[in-house]
Amino acid sequence: MAFIHVNSECSVIDFFAKLWKIPEDEYWGYVTTCGTEGNLHGMLLARECHPDGILYSSKETHYSIFKAAKYYRMDAKSIPTLPMGEIDYDLLEAEIAKNTDRSVIINVNIGTTVKGAVDNLDRILRILDRLRIPREKFYIHCDGALFAMMMPFLDHAPSVTFEKPIDSIAVSGHKMLGCPMPCGVTISRKEHVKNVEERIDYLNSVDTTIMGSRNGQTALYLWYSLRKKGIEGIKQDVVHCMETARYLRDEISNLGLACRVNDLSSTVVLERPTDETFVKRWQLACEEDIAHVVVMPNITRDKIDQFVLELNEVKEKFGRWKPKRSDSPLSKLSSSSWGGGVCVAPVGDFKNAK
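Every residue gets a number counted from 1 within its own chain, in the order that chain's sequence is written. Reporting in this predicted model follows two pLDDT cut-offs: at least 70 for local features of residues, and 80 or more for side-chain atom pairs to be given and counted; totals over whole chains, interfaces and linings ignore these cut-offs and use all residues. Heavy atoms from the whole structure form the basis of all side-chain values; hydrogens and water molecules are not counted.

Participant: How would you explain the side chain of D167 if you had to name every residue and give the values?
Facilitator: The secondary structure listing takes helices from DSSP runs of H or I that are at least 4 residues long and strands from runs of E that are at least 2 residues long, numbered from the N terminus. Tracing the backbone shows D167 in the loop between β5 (138-143) and β6 (168-172). Take D167: its relative accessible area is 1%, and that puts it in the buried class. In this structure the side chain of D167 is engaged in a polar contact, spanning 2.7 Å, whose partner is the side chain of H192. In what follows, a contact means two residues having at least one pair of non-hydrogen atoms within 4.5 Å. Apart from residues no more than four positions distant in its own chain, D167 is found in contact with R135, F138, Y139, I140, F162, I187, S188, R189 and H192. Only protein chains enter the area calculation, which uses a 1.4 Å probe; residues under 20% of their type maximum are buried, those over 50% are exposed, and those in between are partly exposed. A 3.5 Å cut-off defines polar contacts: any pair of N or O atoms within that distance qualifies, except that in protein one atom must be a possible hydrogen donor and the other a possible acceptor, and neighbouring residues in sequence count only when both atoms are side-chain atoms.

Laid out in structure tokens, this is it:
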């Protein structure tokens, strides 16, 4: 059984290494218990590479990143975000500029938890270049929980791969691939892992992972899912999620409710329904005055139609939320930085413009 687990895990890691374009002899990875463990591992490698480094991440980052900073006693900066959830690049640059004497550790979100926002990796790399931060003085971890699994299959999506100067990526396995128990995958540059290796004689092996004993079934299920779906099957799932998310956005917008979807996301953000019974029935995750729906391959248009029907009944019976304050999440849904959809200025006719 152990032999089967090792071989299936290696096959899974090889798949993601190829997906994220890292040469065969330059990567190391393993199947984790969840996306959080992948983030903990990435942050540990970052700290060991740069003990004097400062961690920079957006305030909409998954809590596991700042948990890692606390565990590892790392200096960390929580950078404010733009309305649609991306890190504020100008504030990031200003903060790094204050501490150019220290190494830079950056967590890049490939899909934030609530809004599904993807930080612009190329823009962040240009910031490091402008500030003349040499490659040996920075470490970039990509928290790809959901969307690092989806972006490689989207036409015209920006590239997030090891062909660029990044150092580690973590992704969940129980989301897009549908593993029935929590799990994930983390891949790092092999040179960094050597900093945390420790020989354990009674295991006749080296310790390089966060956890000790691990669930071999997760590696088997991930291997099975990848073999069953294949590249084309995963791409079909991704296209389905993106198209269905936009269908949901349009249907909610037609009710006159505020609703948005980030460009590279299948997370639909809407104003929080006013009936808590409805929220619990549909298991909506809420943050103050907004809620979100993460559209996965199992979500059909029939299910969305039922959701929208009940949502409209809630609106008619209980009314709508008013923004809790001028800078609340619901207030930010009206920002034009989200792009198309609701709450944007009308498009003019060039020939008739005055």
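Moving on from the model shown.
Participant: So, a negative patch on the surface: which residues are in play, and what are the values?
Facilitator: Patch members must show over 30% relative accessible area and no salt bridge, and they are joined within 9 Å when carrying like charges or within 5 Å when they are nonpolar side chains of Val, Leu, Ile, Met, Phe, Trp or Tyr. What sets the accessible areas is the Shrake-Rupley method with a 1.4 Å probe; for residues, cover comes only from the shown protein chains. Any Lys or Arg side-chain nitrogen located within 4 Å of an Asp or Glu carboxyl oxygen qualifies as a salt bridge. Under the counting rule used here, the positive set is Lys and Arg, the negative set is Asp and Glu, and His together with the chain ends is not counted. Where a charge sits is defined by one atom per residue type, namely NZ (Lys), CZ (Arg), CG (Asp) or CD (Glu). Taken together, the side chains of D14, E24, D25, E26 and E191 make up a negatively charged region of the molecular surface. Following the sequence through the fold, E191 ends up in helix α6 (residues 190-193). Exposure remark for E191: the relative accessible area of 55% places this residue in the exposed category.

Participant: Which residues make up the sheet that holds strand β7 (residues 184-189), and what values do they have?
Facilitator: In this description, strands pair whenever DSSP reports at least two bridges between them. Pairing is mixed across the open sheet formed by seven strands, whose spatial order is β1-β7-β6-β5-β4-β2-β3. Looking along the sheet, the strands with just one partner apiece sit at the ends: β1 (27-32) and β3 (75-79). Here the strands of the sheet are splayed against their neighbours by 15 degrees on average, with no regard to which way each runs. Think of each axis as a best-fit line through the C-alpha atoms, taken over the contacting stretch in the case of a helix, with angles from 0 to 180 degrees between the N-to-C directions. Most of the contacts of helix α4 (residues 89-97) go to β3, to which it runs at about 155 degrees, and overall it touches β2 (54-58), β3 and β4 (104-109). This element, helix α5 (residues 121-130), spans β4 and β5 of the sheet and lies at about 165 degrees to β4.

Participant: Which residues make up unusual backbone geometry, and what values go with them?
Facilitator: At R73, a position not held by glycine, the phi torsion is positive, near 55 degrees. Of note in this structure, E288 is not a glycine but carries a positive phi near 55 degrees. Turning to its location among the elements, E288 is positioned in the loop between β12 (285-287) and β13 (290-294).

Participant: An account of helix α9 (residues 301-318) is needed here, citing residue identities and associated values.
Facilitator: By this rule, a helix spans an expected 1.5 Å times one less than how many residues it contains. Under the 1.5 Å per step criterion, the end-to-end length of α9 is 25 Å for 18 residues, consistent within 8% with the ideal 26 Å. Every buried residue of α9 is listed here: I304, F307, V308, E310, L311, V314 and K315. Looking at the residues trailing α9, positive phi occurs at G319, about 80 degrees.

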